[in-house]
Amino acid sequence: MTQPTPPSPTAALMGIGAFAQATRLSLKALRLYDDLGLLPPAHVDAQTGYRHYHPDQLGTARVIGLLRQLDMPLSTIRSVLDAPAGARPTLIRGYWEGAERQHGQHRALAQYVLNTLEGATMQETFTVHTRDLPTRQLATIQRRVFQPELDGFLPPSIGRLIGFIPAQGAVVAGAPFVIYHGAVTADSDGPVEVCVPYTGALTPTGDITLREEAAHHEAYVTVTRRQFEFPTILEAFDATGAYADAHGGRSPLTCREVYPYAWDGAGPDDPAGEVAWPYTPSAT
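Since this is a predicted model, take the numbers as computed values, not measurements. (Residues numbered from 1 in each chain as written. Predicted model: local features only at pLDDT ≥ 70, side-chain atom pairs only at ≥ 80, totals over all residues. Heavy atoms only, no water.)

Secondary structure summary: the protein contains seven helices and 13 strands in total. By the compact-globule yardstick of 19 Å for 284 residues, the protein is too spread out, its C-alpha radius of gyration being 28 Å. When the backbone C-alpha atoms are referred to their principal axes, the protein occupies close to 115 × 50 × 35 Å. Taking all 284 residues of the protein together, the buried fraction comes to 37%. In the protein, once contacts between residues fewer than 6 apart in sequence are set aside, the share between residues at least 24 apart is 71%. Side chains of the protein carry 21 positive and 29 negative charges; the gap between the two charge centres is 7 Å. (Helix = DSSP H or I, 4+ residues; strand = E, 2+ residues; numbered from the N terminus. Rg over C-alpha atoms; globule rule 2.2 N^0.38 Å. Buried < 20%, exposed > 50% of the residue type's maximum accessible area, 1.4 Å probe, protein only. Contact = heavy atoms within 4.5 Å. Lys, Arg positive; Asp, Glu negative; His and termini not counted. Charge placed at Lys NZ, Arg CZ, Asp CG, Glu CD.)

Below, the structure written as structure tokens:
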């Protein structure tokens, strides 16, 4: 009796066209997902290079398509797919919470731009104070960073300087502060300079430099932790800059954020820092 012909290894599989139709993903997307290792075909014909998919891959393809509709980056989708099944909801939830925070920032930024263009009053109320600062010696770290990189640059740099000064026998002589020598956005990278005043003798090391800052007058406001959130912090710079313009002229020194308060443990409405704008007072 003639033996039945063994089934083709692709008999239970779906061609890329049928798989694309079933998943509502384009051929271009499927080829991209294959190239990136997100959704490799179950079988590729050695002669033709034609891709075949197993029906069990329909669920994965559907998840990828849905996550892309959430604007999830392909690299993040890879992390989700590589994770154990039980961990995937946590990863997706974490991504979406971050996306919602970013959307809230964009909404607030849009309102800030509209208020600026329409001449509306600021949403936040800041009381502007002034002070005189003497000539100071500064230990600094300066770098060009874009806005998304700020959190990874500022706290570690402040920590390095605060540790560096006493390690060489000098004394920290004031609150750390950050000078923005240029705009810091997704497209503009400052530069940004982290500064800590000190007294005593220091030797510069690596990217830590030493310089003197001239005595000056500055307008400043106290900012709560909530107000430090972007773009609310822009209103603090607006308030101090406007005060400087109205009471003299802006000095060659640049606006800065000052950190005289403990950031860790501060509640949303607790003081977390200051925004200061150096200026030259009008002659009276």
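Once that is clear, we can look at the pairing of strand 8 (residues 192–199). With respect to burial, strand 8 is a largely interior element, seven of its eight residues being buried. As paired strands, strand 5 (residues 136–143) and strand 8 are joined by seven bridges and run antiparallel to one another. When the sheet's bridge partners are listed, T140 is paired in strand 8 with C195. Judged from the two bridges that link them, strand 6 (residues 171–172) and strand 8 form a sheet pairing that is antiparallel. Paired with V172 across the bridge in strand 8 is Y198. (Pairing = 2+ DSSP bridges.)

Once that is clear, we can look at the domain arrangement of the protein. Interface size, as often reported, equals the accessible area lost upon joining of the parts. The domains assigned to the protein are domain 1 (14–82), domain 2 (88–119) and domain 3 (129–281). Relative to domain 2, the C-alpha centre of domain 1 lies at a distance of 30 Å. Facing nine residues of domain 1, the contacting portion of domain 2 comprises five residues. Summed over both sides, the interface of domain 1 with domain 2 buries roughly 610 Å², with 74% coming from carbon and sulfur. Viewed at the interface, domain 2 and domain 1 are joined by zero salt bridges. Counting across the interface, domain 1 meets domain 2 through five residue pairs in polar contact (both at pLDDT 80 or more). (Domains from an automatic or database assignment. Buried area = accessible area lost by both parts, 1.4 Å probe. Salt bridge = Lys/Arg side-chain N within 4 Å of Asp/Glu carboxyl O. Polar contact = N/O pair within 3.5 Å; in protein donor to acceptor, adjacent residues only side chain to side chain.)

Of all hydrophobic cores here, the largest spans 36 residues; its most connected members are L154, I165, Y180, V192 and V223. Listing elements by their share of this core, those giving two or more residues are strand 5, helix 6 (150–167), strand 7 (177–180), strand 8, strand 10 (216–224), helix 7 (232–246) and strand 13 (271–281). Looking at this core element by element, the count peaks at seven residues for helix 6. Those residues in contact with Y180 that sit more than four places away from it in its chain are L150, L154, P191, V192, F237, T254, C255 and E257. (Core = buried A, V, L, I, M, F, W, Y, C linked by side-chain atoms within 4.5 Å.)

Under the UniProt annotation, the feature "domain: HTH merR-type" (unreviewed entry) is placed at residues 13–83. Taken end to end, residues 13–83 has its terminal C-alpha atoms 26 Å apart, with 54% of it in helix and 10% in strand. (UniProt positions renumbered as here; feature names shortened; annotations may be inferred.)

If you trace the three strands from one edge of the open sheet to the other, you get 1-3-2, paired in antiparallel fashion. The open sheet has two free edges, formed respectively by strand 1 (14–15) and strand 2 (43–44), since each of these has just one partner strand.

Moving on, we come to the packing of helix 3 (residues 58–69) against helix 4 (residues 74–82). The contact between helix 3 and helix 4 brings their axes to 10 Å, and the two run at 140°. Put simply, helix 3 runs oblique to helix 4. Pair helix 3 / helix 4 crosses with right-handed handedness. Residues T60, I64, L67 and R68 of helix 3 touch helix 4, and the partners they reach there are L74, I77, V80 and L81. Residues belonging to the contact of helix 3 with helix 4 are distributed by class as follows: six nonpolar, one polar and one charged. (Axes fitted to C-alpha atoms, helices over the stretch in contact; angles between N-to-C directions. Parallel < 35°, antiparallel > 145°, perpendicular 65-115°, else oblique. Left-handed = near helix turned anticlockwise from the far one by under 90°. Nonpolar A, V, L, I, M, F, W, Y, C, P; charged D, E, K, R; others polar.)

With that settled, the discussion passes to the side chain of E257. Position of E257 among the secondary structure elements: in strand 12 (residues 256–258). Despite its burial, E257 remains without a salt bridge, the nearest opposite charge being carried by R256 at 11 Å. Within polar-contact distance, the side chain of E257 engages the side chain of Y259 at 2.4 Å. When near neighbours in sequence (up to four residues on either side) are disregarded, E257 contacts P176, F177, V178, Y180, F228, I233, F237, E274 and V275.

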